[in-house]
Amino acid sequence: MIKGVKYALEAAPWQYSGPGAWVFVSLPVELSEEIRGLFKTEEEGWGRLKVTAAVGKSEWKTAIWFDIKSSTYILPLKAAIRSKENIITGKPITLTIWI
């Protein structure tokens, strides 16, 4: 699998209060600024940027979205990944993304 620039971080997952109750991780503002500075031209609609993500032993292709309100990218965490890696909201996790 070809991977690009690697970023490792720790963040606490949070649950969206709207329809679907998605769970996300917000990337730190400083990291988001760096990523946006380097890759904004590769964003698709709604600030979507394709990435490969990894948590624990799980790795998957996904995307991060730029959230204008918080000035950060957010990464959705699939239910299957959360279950497999015992991820709960509010408890920090270590993850890696490749852009």
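For the structure, check the block above.
Worth saying up front: this structure is predicted, and the values here are computed from it rather than measured.

Draft legend 1. Structural detail: the environment of Ser-26. Examined against the element boundaries, Ser-26 turns out to sit in strand S3 (residues 23-26). Along the backbone, Ser-26 and Trp-14 are 12 residues apart, and their C-alpha atoms lie at a distance of 8.2 Å. Setting aside anything within four residues of it in sequence, one finds Ser-26 in contact with Ala-11, Trp-14, Thr-72, Tyr-73 and Ile-74.

Draft legend 2. Expanded view of the pattern of salt bridges. This structure, assessed with the given rule, holds 3 salt bridges. Glu-44 is the partner of Arg-48 in a salt bridge, and the nearest nitrogen-oxygen pair spans 2.4 Å. On the basis of relative accessible area, Arg-48 is assigned to the partly exposed category, the value being 25%. The class of Glu-44 is partly exposed, set by a relative accessible area of 37%. Notably, a salt bridge pairs Lys-50 with Glu-44, separated by 3.6 Å at the nearest N-O pair.

The rules we used
Residues numbered from 1 in each chain as written. Predicted model: local features only at pLDDT ≥ 70, side-chain atom pairs only at ≥ 80, totals over all residues. Heavy atoms only, no water. Helix = DSSP H or I, 4+ residues; strand = E, 2+ residues; numbered from the N terminus. Contact = heavy atoms within 4.5 Å. Salt bridge = Lys/Arg side-chain N within 4 Å of Asp/Glu carboxyl O. Buried < 20%, exposed > 50% of the residue type's maximum accessible area, 1.4 Å probe, protein only.

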